[in-house]
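Here is what each chain is made of, one letter per residue.
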Amino acid sequence: MPENAASFLETVMREERVFAPSPEFASRARIKSQEEYENLWNEAQQNPEAFWDKIAQTELHWFQPYSQVLQWNEPFAQWFVGGKTNASYNCLDRHLNTPWRNKAAILWEGEPGDQRTLTYQQLHREVCKFANALKGLGVKKGDVVSIYMPMTPELVIAMLACARIGAVHSVIFAGFSAEAIADRNNDASAKVQLTADAGWRRGKQLPLKETVDAALAKSPSVQKCVVLRRIGNQVNMQEGRDFWWHDLMQDASADCPAEPLDSEHPLYILYTSGSTGKPKGIRHTTAGYNLYVKKTFEWVFDYREEDIFWCTADCGWVTGHSYIVYGPLSAGATQVMYEGAPNWPAEDRFWEIVEKYKVNIFYTAPTAIRAFIKWGDRHVDKHDLSSLRLLGTVGEGINPEAWMWYHRKIGGERCPIVDTWWQTETGGIMMSPLPGAIAAKPGSCTKPLPGVIPAIVKEGGQPVEQGQGGMLCIAKPWPGMLRGIWGDDERYKQQYWSRVPGMYLTGDNARCDKDGYYWIMGRIDDVINVSGHRLSTIEVESALVSHPNVAEAAAVDRPDEVKGQALSVFVIVRDAEPSDELREELRQHVGKEIGAFAKPDEVWFTAALPKTRSGKIMRRLLKDIASGKEEVGDTTTLEDLNVLAKLRAHEE
Ligand code: WTA
């Protein structure tokens, strides 16, 4: 740890632009003004339990009412103690006695262009049938079901079928290796595996069943495997272990009442990358999580019943769990679900989908936005995007210039942008503008949602001074919070509750400006030290991205014999050729934007950056490369190993 880690982070970002919602937008919004937001936030802050109690009574279906709102035995929370509910019931059955039953729940489009629409009633029927199929395979309440499936409606059906009978799903993104699946299956003692013959990705077939076969050879707890026929390719079916989805569904009854489950019954496990190689199974439970994602979906996306919502995430990530499955469906939303890549068959696929389904609310990741910028405006210009009324981002900080592009090019300067900060661990969105109430500043996730009480502290837990950067913590429990790490309470305490006493440690750095706006400054481990200044990666990267020839950038520091630390930046160029002139121009540009001390010592041009499968830049690998290390750290979550080889070979 650097010597001055106990002190604060400096900020060099000078972002002064402010974008207030239009009066038309605000007048129709759920939360219409800053004052209304503040009242709500204050009410929640003064008495969180009364606040959530009032919401929970009406927003969820209770088979049995709860007797206590919160039991807090730090760091273990129980919400809505004694109550019984069911997330699948809240997502489906609740709508069946209303006109919503004939509303489209899912407008699905496959990568090759095939389409399906499922109304709430149809989705309910499929879920009930598959829940019975699972029961037929011996799945019981509390059993873990491992899901490794492409983005088809059956993935959602599988998740809701588990929730219906109290089985715990563990969805594994269908890009992970056999090894990664086996690790997760073993950690969770999964009993049944769900998969498909194959999935489509950029016109190619991903051999999912083949990967699962290799994984199951090392997953002794898994007894049965269900295979969806998505593509129709030849797969190996092991007698007695493997079953076709359609065979099971053919005989399954459509009558399967939702099981009344304890509020704290585990709903799912979702593995995220930890600092050590061992996968970390984040455990979420039923009532608090369900309530939190429903409410935040409605607040942040300002959801209206006539809207068409599209979240481009995969259900293999928490964004898909919370804002494709449990949030939107509990709220009775109509949404687009897309199976494939954004650049198949061409780079305008997303905009074609927006135009075709007249999407109103579009939620994506900064990594995708940077790709759109790199691919060029002509792909956007081909399509009519006038149906859009609200845009969102999640997963990383968005550089202010990328924000501006999103605002201009996709939002036509009329759509508010919600920059939503949250984590797998938080279950749902924690900080974001409420689009009718809070003016946005590009690059800031603005303010905490009602019920969220952030704190920014130094090592040891002292608050930083106003405006300074420090470790972002959450001071009070909230209903959507993780309940633990699967099978490892000790690690849960260590990781999230030991470094700062009495608060949840997010692992991110942040600062809060004079208007009470929060600016996420990256992971605590990603801080860079430049000539004795501790800076956040995002600020240096944003300075680079504000240059017209930079599509994407990553900044790291490396040991330097003379200066102690040197600043290396990795840059993906657009509309220009890499050259020494450009290299020097970028150095000067950062010097101008931030200050001469922050001029990068090295500028590496690259065609791609190492990213996790969910699109986050893996800066620690870049750091190893910049330091000239032959062996780089753990690459198990890296999406494309070739990127590293190319970087090392200095290929441009
Ligand atoms: C980062 C994704 C800045 C952050 C929902 C967090 C963000 C981690 C933002 C969680 C944002 C996510 N601005 N940084 N709007 N959203 N992050 O678990 O570092 O995949 O801790 O959850 O992503 O990533 P995870």
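Not measured: the values here are computed from a predicted model.

Novice: How would you summarise the site of the ligand if you had to cite specific residues and measurements?
Specialist: Near the ligand you find 16 residues, and of these Asp419, Thr420, Gln423, Thr424 and Asp508 are the closest. Take glycine 395: an N or O atom from its main chain is 3.1 Å from an oxygen atom of the ligand. The contact in question runs from an oxygen atom of the ligand to an N or O atom on the side chain of aspartate 508, over 2.8 Å. Taken by itself the ligand offers 530 Å² of open surface, and the protein chains cover 88% of this. For the shell around the ligand, the secondary structure elements donating two or more residues are helix H11 (318-330) and strand E25 (518-523). Among the residues making up the shell around the ligand, the classes are represented as five nonpolar, six polar and five charged.

Novice: Describe in detail the sheet that holds strand E4 (residues 104-109), supporting the description with residues and values.
Specialist: The seven strands are arranged E5-E4-E17-E16-E18-E19-E20 in an open sheet whose pairing can be described as mixed. At either margin of the open sheet sits one strand with a lone partner, and together these are strand E5 (115-119) and strand E20 (417-419). Neighbour-to-neighbour, the strand axes of this sheet turn through a mean angle of 15 degrees, independent of strand direction. Bridge count between E4 and strand E17 (residues 334-338): four bridges; the pairing is parallel.

Novice: Describe the sheet that holds strand E23 (residues 484-485), naming the residues involved and giving the relevant values.
Specialist: Pairing between the strands of a sheet is mediated by backbone hydrogen bonds and can be parallel or antiparallel. Strand order in this open sheet of eight strands is E12-E11-E8-E6-E7-E14-E15-E23, and the pairing throughout is mixed. Edge positions in the sheet fall to strand E12 (242-244) and E23, since each has one partner strand and no second. The pairing of strand E7 (residues 168-171) with strand E14 (residues 266-272) spans two bridges and is parallel. Considered in E14, the bridge of serine 170 is made with isoleucine 269.

Novice: So, the side chain of lysine 611: which residues are in play, and what are the values?
Specialist: Its place among the elements puts lysine 611 in the loop between strand E30 (602-605) and helix H19 (619-626). Ignoring any residue separated from it by four or fewer positions in sequence, one finds lysine 611 in contact with Thr367, Arg370, Glu552, Lys616, Ile617, Met618, Thr637, Leu638 and Glu639.

Novice: So what's going on with the packing of helix H4 (residues 87-96) against helix H6 (residues 153-165)? Residues and values would help.
Specialist: Orientation of H4 relative to H6, taken along the N-to-C sense of each, is 115 degrees, at an axis distance of 7 Å. Compared by their axis directions, H4 and H6 come out roughly perpendicular. Crossing geometry of H4 relative to H6 is assigned as left-handed. Residues Ala87, Ser88, Tyr89, Cys91, Leu92 and Asp93 of H4 form the contact with H6, whose participating residues are Leu160, Ala163 and Arg164.

Novice: Let's hear about the nonpolar core: which residues, and what values?
Specialist: Judged by nonpolar contacts, the single largest core of 148 residues is most densely connected at Phe80, Leu123, Phe130, Leu160, Leu194, Phe301 and Tyr326. No other element matches H6, which puts 10 residues into this core.

Novice: Any chance you could break down the pairing of strand E28 (residues 550-560) for me, citing the residues and the numbers?
Specialist: The buried count for E28 comes to 10 of 11 residues, which makes it a mostly enclosed element. The pairing of E28 with strand E29 (residues 564-573) spans 10 bridges and is antiparallel. Note on E29: the bridge partner recorded for alanine 553 is valine 571. Between the end of E28 and the start of E29, which pair antiparallel, lie three residues.

Novice: So, the packing of aromatic side chains: which residues are in play, and what are the values?
Specialist: Applying the stated rule across the entire model yields 42 aromatic pairs. Pairing phenylalanine 51 with tryptophan 52 gives two aromatic rings, centres 5.1 Å apart and planes at 80 degrees, and the pair type is edge-to-face. Across the pair, tryptophan 52 and phenylalanine 51 agree in class, each one buried. Relative to tyrosine 289, the ring of tyrosine 268 has its centre 5.2 Å away and its plane inclined at 85 degrees; by these criteria the two rings are edge-to-face. Note that tyrosine 268 is positioned in strand E14 and tyrosine 289 in helix H10 (residues 287-300), a separation of 21 residues in sequence.

Novice: Talk me through the state of the cysteines; I want residue IDs and the actual numbers.
Specialist: This model, assessed by the stated rule, comprises zero disulfides. Here cysteine 128 is not cross-linked by a disulfide; its sulfur's nearest cysteine counterpart is in cysteine 256, at 5.5 Å. By relative accessible area, which is 1% here, cysteine 128 ends up buried. In this structure cysteine 315 is a free cysteine whose sulfur lies 8.2 Å from that of cysteine 311, the closest cysteine sulfur available. Overall, cysteine 315 belongs to the buried group, its relative accessible area being 0%.

Novice: Tell me about the side chain of glutamate 298, and name the residues and values.
Specialist: The residue glutamate 298 is located in helix H10 in this model. The class for glutamate 298 is buried, based on a relative accessible area of 7%. Of the polar contacts made by the side chain of glutamate 298, one reaches the side chain of lysine 295; its length is 3.0 Å. Ignoring sequence-local partners within four residues, the contact set of glutamate 298 consists of Arg30, Glu59, Tyr303 and Ala331.

Cut-off values and rules
What you see as residue numbers is a count from 1 along each chain, following the sequence as written. Residues qualify for local features only when their pLDDT is at least 70, as the model is predicted, and side-chain atom pairs are given and counted only at 80 or more; totals for whole chains, interfaces and linings, by contrast, use all residues. Hydrogens are left out, water is left out, and the side-chain values use all remaining heavy atoms of the structure. The near set for a molecule or strand comprises every residue that places at least one heavy atom within 4 Å of it. Pairs of N or O atoms are called polar contacts if they sit within 3.5 Å, as long as, within protein, a hydrogen donor faces a hydrogen acceptor (for residues adjacent in sequence, only side-chain-to-side-chain pairs). The method behind every accessible area is Shrake-Rupley, applied with a 1.4 Å probe, and residues are considered shielded solely by the protein chains displayed. Counting from the N terminus, the helices are the DSSP runs of H or I reaching at least four residues and the strands are the DSSP runs of E reaching at least two. Residue polarity follows a fixed list, in which Ala, Val, Leu, Ile, Met, Phe, Trp, Tyr, Cys and Pro are nonpolar, Asp, Glu, Lys and Arg are charged, and the others, Gly among them, are polar. Strand pairing follows a simple DSSP-based rule, namely that at least 2 bridges must link the two strands. Between the N-to-C directions of two axes lies an angle of 0 to 180 degrees, each axis being a line fitted to C-alpha atoms and, for a helix, fitted only over the stretch in contact. Any two residues whose heavy atoms approach within 4.5 Å are treated as being in contact. In this scheme, roughly parallel covers angles under 35 degrees and roughly antiparallel covers those over 145, while 65 to 115 is roughly perpendicular and the rest are oblique. Handedness of each helix crossing follows the sense of rotation of the near helix against the far helix: counterclockwise by less than a right angle gives left-handed, clockwise gives right-handed. Residues belong to one nonpolar core when they are buried, are Ala, Val, Leu, Ile, Met, Phe, Trp, Tyr or Cys, and are joined through side-chain atoms within 4.5 Å. Buried residues are those whose accessible area, probed at 1.4 Å on protein chains only, stays under 20% of the maximum for their type, while exposed residues exceed 50% and partly exposed ones sit between those limits. Two rings from Phe, Tyr or Trp (for Trp, the six-membered ring) form a pair when their centres sit within 6.5 Å of each other. Planes less than 30 degrees apart are called stacked, planes more than 60 degrees apart edge-to-face, and all others tilted. Here, two cysteine sulfur atoms that lie within 2.5 Å of each other are counted as a disulfide.

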